[in-house]
Protein chains: 2
Amino acid sequence: MDKPIIYEMETLKEFSIDMLTKAGMSVQDAEIITDTLLFAELRNIKSHGIVRLPTYIQRMENGVVNQNAEMKFKKMKAPAVGMLDADNGMGQLAGYKAMQEAINIARIYGIGMVTVKDSNHFGVASYFSMMAAEKDMIGLVMTNASPAIAPFGTKTPLLGTNPLTVAVPAKVGKPIVLDMSMSTVARGKIRISAMQNKEIPADWGLDKDGNPTTDPNEALEGSLVPIGGVKGSGLSLIVDLMTGLLTKTCMTGEVKNITDMSGPSKTSHLFIAIDIENFMDADEYKEDVDKTIEKVKSLTPKGDNDIYMAGEIEQNVMEDRMSKGVPVDMEVVDKLNILADRYESSKL
Amino acid sequence: MDKPIIYEMETLKEFSIDMLTKAGMSVQDAEIITDTLLFAELRNIKSHGIVRLPTYIQRMENGVVNQNAEMKFKKMKAPAVGMLDADNGMGQLAGYKAMQEAINIARIYGIGMVTVKDSNHFGVASYFSMMAAEKDMIGLVMTNASPAIAPFGTKTPLLGTNPLTVAVPAKVGKPIVLDMSMSTVARGKIRISAMQNKEIPADWGLDKDGNPTTDPNEALEGSLVPIGGVKGSGLSLIVDLMTGLLTKTCMTGEVKNITDMSGPSKTSHLFIAIDIENFMDADEYKEDVDKTIEKVKSLTPKGDNDIYMAGEIEQNVMEDRMSKGVPVDMEVVDKLNILADRYESSKL
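Here the residue numbering is sequential within each chain, running from 1 through the sequence in written order. Starting at A for chains and at 1 for ligands, labels are handed out in the order in which the entities are written. Given that the model is predicted, a residue must reach a pLDDT of at least 70 before its local features are reported, and side-chain atom pairs must reach 80 or more before they are shown or counted; all residues, however, enter totals for whole chains, interfaces and linings.

**Quick word on the overall build of chain A**
Okay, step 1: By definition, any uninterrupted DSSP run of H or I lasting at least four residues is a helix, any uninterrupted run of E lasting at least two residues is a strand, and each is numbered from the N terminus. Scanning chain A for helices and strands turns up eleven helices and 14 strands.
Okay, step 2: C-alpha atoms of chain A, sized along the principal axes, occupy 50 × 45 × 45 Å.
Okay, step 3: Buried positions account for 56% of the 348 residues belonging to chain A.
Okay, step 4: Long-range pairs, those at least 24 residues apart, make up 63% of the contacts in chain A with a sequence separation of at least 6. The exposure label follows from counting other C-beta atoms within 10 Å of a residue's C-beta, where the C-beta atoms are placed from the backbone and the thresholds are 20 or more for buried and 12 or fewer for exposed, leaving partly exposed in between. Contact definition: two residues whose C-beta atoms, as placed from backbone geometry, lie within 7 Å.

**Examining the domain arrangement of chain A**
In many reports, interface size means the accessible area that the parts give up when they come together.
Residues and elements named next belong to chain A.
Okay, step 1: Boundary definitions for the domains trace back to an automatic or database domain assignment. Domain annotation of chain A identifies domain 1 (1–62 + 311–348) and domain 2 (67–183 + 226–298).
Okay, step 2: Put simply, the middle of domain 1 and the middle of domain 2, counted by C-alpha atoms, are 23 Å apart.
Okay, step 3: Element by element, the count of residues in the side of domain 1 that touches domain 2 is highest for helix α2 (residues 27–42), at seven residues.
Okay, step 4: Grouping the constituent residues of the side of domain 1 that touches domain 2 by class yields eight nonpolar, seven polar and three charged. The classification used treats Ala, Val, Leu, Ile, Met, Phe, Trp, Tyr, Cys and Pro as nonpolar, Asp, Glu, Lys and Arg as charged, and all other residues, Gly among them, as polar.

**Quick notes on unusual backbone geometry**
For residues besides glycine, phi is generally negative; the peptide bonds are generally trans as well.
Residue and element names in this part refer to chain B.
Okay, step 1: A positive phi angle, close to 60 degrees, is found at Asn-44, a residue other than glycine.
Okay, step 2: A count of 16 C-beta atoms within 10 Å places Asn-44 in the partly exposed class.
Okay, step 3: Positive phi, close to 55 degrees, is recorded for Lys-248, a residue that is not glycine.

**Things to note about helix α4 (residues 91–109) of chain B**
An α-helical segment advances 3.6 residues per turn. Residues three or four places apart therefore align on the same side.
Okay, step 1: Expected helix span is taken as 1.5 Å per residue step, with the number of steps being one fewer than the number of residues. With 19 residues, α4(B) extends 26 Å between its outermost C-alpha atoms, agreeing within 8% with the 27 Å of an ideal straight helix rising 1.5 Å per residue.
Okay, step 2: Judged by how many residues are buried, α4(B) sits mostly within the fold: 15 of 19 residues are covered.

**Re the relation of the copies chain A and chain B**
Okay, step 1: The transform that puts chain A on chain B rotates by 180 degrees and translates by 0.0 Å along the axis, for an RMSD of 0.0 Å. Within this description, the copies of the chain are treated as partners about a two-fold rotation axis.
Okay, step 2: Interface overlap between copies is the fraction of interface residues in one copy that are interface residues in the other; for chain A against chain B it reaches 100%, indicating a shared surface. The superposition of copies rests on a least-squares fit of C-alpha positions from residues with pLDDT of 70 or more in both.

**Thoughts on the sheet that holds strand β3 (residues 81–85) of chain B**
All names here are of chain B.
Okay, step 1: The strand order β2-β3-β4-β11-β5-β6-β7 describes an open sheet built from seven strands, whose pairing is mixed. Looking at the sheet topology across the chains shown, the edges are occupied by β2 (72–73) and β7 (176–180).
Okay, step 2: Pairing between strands is defined by DSSP: at least two bridges between the two strands are required. For β2 and β3, the ladder comprises two bridges, and the chain directions are antiparallel. Bridge pairing links Lys-72 to Asp-85 in β3.
Okay, step 3: Working convention: axes come from line fits to C-alpha atoms, limited for helices to the stretch in contact. Angles between N-to-C directions cover 0 to 180 degrees. Along the sheet, helix α5 (residues 126–133) contacts β5 (137–143), β6 (164–168), β7 and β11 (267–275); its crossing angle with β5, the most-contacted strand, is approximately 160 degrees.

**A few points about the sheet that holds strand β9 (residues 176–180) of chain A**
Residue and element names in this part refer to chain A.
Okay, step 1: Read across the sheet, seven strands follow the order β2-β3-β4-β13-β5-β8-β9 without closing on themselves; strand pairing throughout is mixed. Here the strands that pair on one side only, and so sit at the sheet edges, are β2 (72–73) and β9.
Okay, step 2: As judged from the seven bridges shared by strand β5 (residues 137–143) and strand β13 (residues 267–275), these two strands associate in the antiparallel manner. Among the inter-strand pairings, Val-141 is bridged to a residue of β13, identified as Phe-271.

**A closer look at the interface of chain A and chain B**
Okay, step 1: Counting residues at the interface gives 63 residues for chain A, matched by 63 residues for chain B.
Okay, step 2: Within the residue set of the side of chain A that touches chain B, elements represented by two or more residues are β3 (81–85), α4 (91–109), β4 (111–119), β8 (164–168), β9, α8 (230–242), β13 and α9 (282–297) of chain A.

**Some remarks on α8(A)**
Residues and elements named next belong to chain A.
Okay, step 1: The first and last C-alpha atoms of α8 sit 18 Å apart over 13 residues, in line with the 18 Å expected at 1.5 Å per residue.
Okay, step 2: Across the 13 residues of α8, twelve count as buried, placing the element largely inside the fold.
Okay, step 3: Residues Lys-231, Gly-232, Ser-233, Gly-234, Leu-235, Ser-236, Leu-237, Ile-238, Val-239, Asp-240, Leu-241 and Met-242 constitute the buried set of α8.

**Overview of the confidence of the model for chain A**
Close inspection of predicted coordinates is inappropriate for parts of the model with low pLDDT.
Okay, step 1: On a range of 0 to 100, pLDDT expresses the predictor's confidence in each residue. Mean pLDDT over chain A works out to 96, with 100% of the residues at or above the 70 mark.
Okay, step 2: Overall fold confidence (pTM) sits at 0.97, and the ipTM for the predicted complex is 0.97.

**Focus: the pairing of strand β4 (residues 111–119) of chain B**
Residues and elements named next belong to chain B.
Okay, step 1: Of all nine residues making up β4, nine are buried, and the element is well covered by its neighbours.
Okay, step 2: Inspection of the sheet shows β3 paired to β4 by five bridges, in the parallel sense. Looking at the pairing, Gly-82 lines up with Val-114 of β4.
Okay, step 3: If the strands point away from the viewer and the path from the first strand over the helix to the second runs clockwise, then the crossover is right-handed. After leaving β3, the chain enters α4 and then returns to the sheet as β4, a path that is right-handed.

**A few points about the environment of Asn257(A)**
Okay, step 1: Locating Asn257(A) in the fold gives a position in the loop between α8 and β13.
Okay, step 2: With 112 residues separating them in the primary sequence, Asn257(A) and Ala145(A) have C-alpha atoms 7.3 Å apart.

**Description of the environment of Asp288(B)**
Okay, step 1: Of note, Asp288(B) is situated in helix α9 (residues 282–297).
Okay, step 2: When the 20 C-beta atoms within 10 Å are taken as the criterion, Asp288(B) is described as buried.
Okay, step 3: Each C-alpha atom, one on Asp288(B) and one on Lys171(B), is 8.6 Å from the other, the two residues being 117 residues apart in sequence.
Okay, step 4: If near-sequence neighbours (up to four positions away) are discounted, Asp288(B) is found in contact with Leu245(A) and Met251(A).

**Comments concerning the nonpolar core**
Okay, step 1: A set of buried residues qualifies as a nonpolar core if it consists of Ala, Val, Leu, Ile, Met, Phe, Trp, Tyr and Cys joined through C-beta atoms within 7 Å. If you look at the biggest cluster of nonpolar residues, it comprises 208 residues, and the most contacted ones within it are Ala102(A), Ile111(A), Ala102(B) and Ile111(B).
Okay, step 2: If we ignore the near neighbours within four places in the chain, the residues touching Ala102(B) are Gly112(B), Met113(B), Val114(B), Phe271(B), Ile272(B) and Ala273(B).

**Details of the packing of helix α2 (residues 27–42) of chain B against α4(B)**
Residue and element names in this part refer to chain B.
Okay, step 1: Remark: α2 packs on α4, axes separated minimally by 9 Å, with the N-to-C direction vectors making an angle of 95 degrees. Judged by the angle between their axes, α2 and α4 are roughly perpendicular. Only Gln-92, Leu-93 and Tyr-96 of α4 make contact with α2, whose side of the interface consists of Asp-29, Ile-32, Ile-33 and Thr-36. The scheme is simple: roughly parallel for angles under 35 degrees, roughly antiparallel for over 145, roughly perpendicular for 65 to 115, oblique for anything else.

**As for the packing of helix α3 (residues 53–62) of chain B against helix α11 (residues 330–342) of chain B**
Residue and element names in this part refer to chain B.
Okay, step 1: The interhelical angle for the contact between α3 and α11, taken along N-to-C directions, is 35 degrees, at an axis separation of 9 Å. Within the contact between the two elements, α3 uses Leu-53, Pro-54 and Ile-57 and α11 uses Lys-335, Leu-336 and Leu-339.
Okay, step 2: Considering only residue class, the contact of α3 with α11 consists of five nonpolar, no polar and one charged.

**Description of the environment of Val65(A)**
All names here are of chain A.
Okay, step 1: Residue placement: Val-65 occurs in the loop between α3 (53–62) and β2.
Okay, step 2: Judged by the 25 C-beta atoms lying within 10 Å of it, Val-65 is buried.
Okay, step 3: Residues Val-65 and Ala-102, 37 residues apart in the sequence, show an inter-C-alpha distance of 24 Å.
Okay, step 4: Discounting residues that sit within four places of it in the chain, Val-65 has contacts with Arg-59, Met-60, Asn-88, Gly-89, Met-90 and Asn-120.

Written out as structure tokens, the structure is:
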């Protein structure tokens, strides 16, 4: 494989906004989506980065995502909760609006919860939980996703990997950002092993009969292993019950994958912001988080490894890439330039 | 081992209330604690059942739990959140009050969140999440616990098993009740294997160097395996940050085990109730949960097993035991009768 090309963040940003606006999106919306894509690139979550741009644009062009979505908050009876109807628009835009609203509600009521109905893939979940952490709040976000995990005792992938993220602010230290799916690994990792003809560890995938397999191809025909078996499978269902069902967007098992162009993806999300200030002085809390980080880092490591907190590695890469630039694989650059060609625009 | 004795629920209830009131507790408080103990017995969660009675009473007698606790809600700036200072009283009483308050708040504001400061072991977590489900709400509860899990990359048990429970109501079907700790199994299961001189599966425990072990004694000297490795370890820390730290009760690693009589256990909890009615008609939601249960149960089972939803097996046992009685192991009966002797009261 060729060496990746290093781009300055600003270059990628301009390119992404250019493509999205050429595809018919407003500058304001294009900026939000671009910000989430760059967030992924900076944090080395490549699967959710700029590589997604052609897919997102294809979805808009095909009309399976509504690029003229009129997102409206439903009128609720109670004031500390909200529901945004995303009108089948981009998940990133819905997520941004919904978490903003949850934060605004939390500032008044102490906690704010906003669900999003009829949305789409929203990118990296922790982008949204960290919006709350930046405001001295604890942010909690979940989303449903397309079928990948078999409910415990079955062999049919019905449940999504259904990511959950929680972000907690620190004072001097980096925020603690847990961002996890309910499977032991992402399907993408198994796909890479399949391409490389490599065996996978026995706790990654199950074959179509629900048995552990080290053959990546068998695992791709089967399902992903949930963390803690019955626990991960249960957590995944709970996410469905609190997103798809609670927003009446779709039933368990009905979310479509981002690459499935046969119709709306019927994704839904949940955003919670908790204002720390009500419980104790926010600065004091953040100092206590700092102390916790120090305490964990002062433990004896298992081997000669460093000890990292949740989200720390990503934050380190982010700081590094903001000054040194973002490496993008040649094959991704090629795909993006095909898009640029199509819009008769400047290539990367 | 001798066969267990079958008791009617009412007999166990009277015995428990008798013991707790003899130990100085008010009838009202004794009834709540008894209800949580019987809840555990009925659902076959023996480790949290009536076997705990002597320990709880010992804690009260030793003064490490404050049986005259004056539990007060802190005055909060915002209306949808609350914090109960449990004054080092019984966790069950604090949990009951806190979830009641969360439910009351949710009825007005759509969501209610109540933390509990300076509390103690509160029994089975799902007792409290189910309080919300009974009111057509989604109930979410977490609690911190004494050190058992090593933070990822370390070998020192610092994090608790830190249970999380979510209860979701159904209409005709049984409520879906996830109640899970962040370790693959409870330490109790490893202890039983040690007593029986039996090997344990490699994903239950780690030795003191942080390596997987099949020797239960090595595991007891080491730590419990978190679900999904870095994920379970991360989730456990998040629970700490949202309980111990957010209530300023204690820092990570400072909760004392229920059998540790050297001082207050410094446990804290978090209770959230979400009123479904704001998002959609609660009856319609519960019908959708019913449909989800049917959908999962209609899948092909992995083998010739039945398919159960989270909490279903416990609910089945509960219904059975409510009519047929509760089996209690002889050794537990003996322990309870020693207690009865000490209070010169009727034996079981």
